[in-house]
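Listed here are the chains, written in short residue letters.
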Amino acid sequence: MKSAMKQKITLFVTLILFSFSIYAQKPSTLELSLPQKIADDVSLFTTDIFGNVLFVNSKNELKKIDSKQKLVGVYSRRINSTLKIVDVSNPMKIMVYYPDLLELSVLDNFLSPLFELSFQQYADAGPLKLICQSTENGFWIYDELNRSLKNVNENLDLTRSSGDLYQLLSYLPIPTKIISYKNQQYLYDIKNGILMFDEFGTYIKTIPITGVSDFQVREDEILFSKEKSLLSYNPLTFTIDTLYNFSPLDLQSVRRENNNLYVLAGKELFLYSIIVK
């Protein structure tokens, strides 16, 4: 009981600090080159640390292009299901997931299949919509029925669990995205923010970034787009900087790798170079 009250107070204080930070936003701090369109008919995309881009098109194909926009590989399956999640946190073991079928494939860096897994054993627990690769081993999944974040190995054996998040937080999170970065897990709830967990699945805190469709965790910041702008949240100072306004583009999501920005606007994917002075 005391633990739950302490977590509520911590979240309240964080929200106050976050509110002050919003009013401290700075004007755009990035200078960008003219955009180069690198793909169209894009429904979702991601990038890896080498500057490779992977995207899914309307044919449900996954394509990979390198940093010079050369096609590296194409992956597709003749199944009646939509590819919803692509995880390249390990560029040598690319994870793709079809939630309608509860099926996951792991591909090599040329998009050739390495192995496949079926999560049908979790079907009784409700829809398994969210999954990502673990930094250490296996996968992190969100179990909707038991309201918990779980780690499973490649044999799908349960290794770690957060426990019931409703009991812990006193509200029911409705997450839409999960990311694992450097042994920490980030579970995004559009109304309450980004729930942060350690390598054991233990809840740490909630980062009050709400109302966004996507985000990227980097070494010292969390990047996210909102209202046609790219913003950066500093987890140490609780401040937000506006990095660039992409108006009037129909901004969907943005990722940064080194000094490049990859911007999905509508169904078109653009590359911007960051001008370093």
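Note: the structure precedes this text.
Quick caveat: nothing in here was measured; it's all calculated off a predicted structure.

A. Fine view of the overall build of the chain. Each helix and strand counted, the chain has two helices and 24 strands in total. Looking at the chain residue by residue over its 277 residues, the buried ones come to 48%. Taking all contacts inside the chain whose residues are at least 6 apart in sequence as the whole, residues at least 24 apart take part in 39%. Surface exposure of the chain reaches about 14,200 Å², of which carbon and sulfur atoms provide 52%.

B. Just the side chain of Lys64, in detail. Position of Lys64 relative to the elements: it lies in strand E4 (residues 62–65). Buried charge Lys64 goes without a salt bridge, the closest partner of opposite sign being Asp48 at 4.5 Å. For Lys64, the side chain forms a polar contact with the main-chain oxygen of Asn109, separated by 2.6 Å. Aside from chain neighbours lying at most four places away, what touches Lys64 is Asn52, Val53, Leu54, Lys70, Leu71, Val72, Gly73, Ile94, Asn109 and Leu111.

C. Structural view of the packing of aromatic side chains. The full count for this structure, using the stated rule, is five aromatic pairs. Feature note: the residues Tyr244, Phe246 and Tyr272 constitute an aromatic cluster, connected by ring pairs. Across from the ring centre of Tyr98, 5.3 Å away, lies the NZ or CZ of Arg77, which sits over that ring.

D. Highlighting the pairing of E4. In terms of strand pairing, strand E3 (residues 53–57) meets E4 through four bridges, oriented antiparallel. Bridge assignment links Leu54 to a residue of E4, and that residue is Lys64. Inspection of the sheet shows E4 paired to strand E5 (residues 71–75) by four bridges, in the antiparallel sense. Note that in E5 the partner of Ile65 across the bridge is Leu71.

E. Region of interest: the sheet that holds strand E15 (residues 184–189). Spatial ordering of the open sheet is given by E14-E15-E16-E17, a layout of four strands whose pairing is antiparallel. The open sheet has two edge strands, strand E14 (175–181) and strand E17 (203–207), and neither has a second partner. For this sheet, the mean inter-axis angle between neighbouring strands, taken without regard to orientation, is 20°. One ladder, built from five bridges, connects E15 with strand E16 (residues 193–197); its direction is antiparallel. If you follow Gln185 over to E16, its bridge partner there is Phe197.

F. The arrangement of unusual backbone geometry in detail. Between Ser247 and Pro248 the backbone carries a cis peptide bond, its omega angle lying at 10°. On the secondary structure map, Pro248 appears in the loop between strand E21 (239–245) and strand E22 (251–257). Of note, Lys182 is a non-glycine position whose phi angle comes to about 50°, a positive value. Position of Lys182 among the secondary structure elements: in the loop between E14 and E15. Not every positive phi belongs to a glycine, and Glu227 is a case in point at roughly 50°.

G. Spotlight on the pattern of salt bridges. Here the structure, examined in full by the defined rule, presents twelve salt bridges. Where Asp40 meets Lys37, a salt bridge forms, and the shortest distance between an N and an O atom there is 3.9 Å. Judged by its relative accessible area of 44%, Asp40 is partly exposed. Salt-bridge contacts for Glu154 lead to Lys93; the nearest nitrogen and oxygen are separated by 3.1 Å.

Each value, and the rule that gives it
Residue positions are counted from 1 within each chain, in the order its sequence is given. Local features in this predicted model are restricted to residues of pLDDT 70 or higher, and side-chain atom pairs are both shown and tallied only at a pLDDT of 80 or more, whereas totals for entire chains, interfaces and linings draw on every residue. Side-chain measures were taken over the full set of non-hydrogen atoms in the model, leaving aside hydrogen atoms and water. Helix and strand assignments come from DSSP, with helices taken as H or I runs of at least 4 residues and strands as E runs of at least 2, each series counted from the N terminus. Partly exposed describes any residue whose relative accessible area lies between the buried limit of under 20% and the exposed limit of over 50%, with all areas from a 1.4 Å probe on protein chains only and scaled to the type maximum. Residue contacts follow a heavy-atom distance rule, with two residues in contact if any of their heavy atoms lie within 4.5 Å. Here the Shrake-Rupley method, with its probe set to 1.4 Å, supplies the accessible areas, and only the displayed protein chains count as covering residues. Counted charges follow a simple rule, with Lys and Arg positive, Asp and Glu negative, and His plus the chain ends left uncounted. Salt bridges are defined as contacts in which a side-chain nitrogen from Lys or Arg sits within 4 Å of a carboxyl oxygen from Asp or Glu. Identification of polar contacts relies on pairs of N or O atoms within 3.5 Å, with a donor-acceptor requirement for protein atoms, meaning one able to donate a hydrogen and the other able to accept it, and with residues adjacent in sequence counted only if both atoms are side-chain atoms. A pair of aromatic rings is counted whenever rings of Phe, Tyr or Trp (Trp by its six-membered ring) have centres within 6.5 Å, and the orientation is called stacked for planes under 30 degrees apart, edge-to-face for over 60 and tilted otherwise. A ring is considered to have a charge above it if a Lys NZ or an Arg CZ atom is located within 6 Å of its centre and within 35 degrees of its normal. Being paired, for any two strands, means DSSP has found at least two bridges between them. Comment: axis = line fitted to C-alpha atoms, over the contacting stretch for helices; angle = value between 0 and 180 degrees taken between N-to-C directions.

Functional significance is not addressed by these values, which are geometric in nature.
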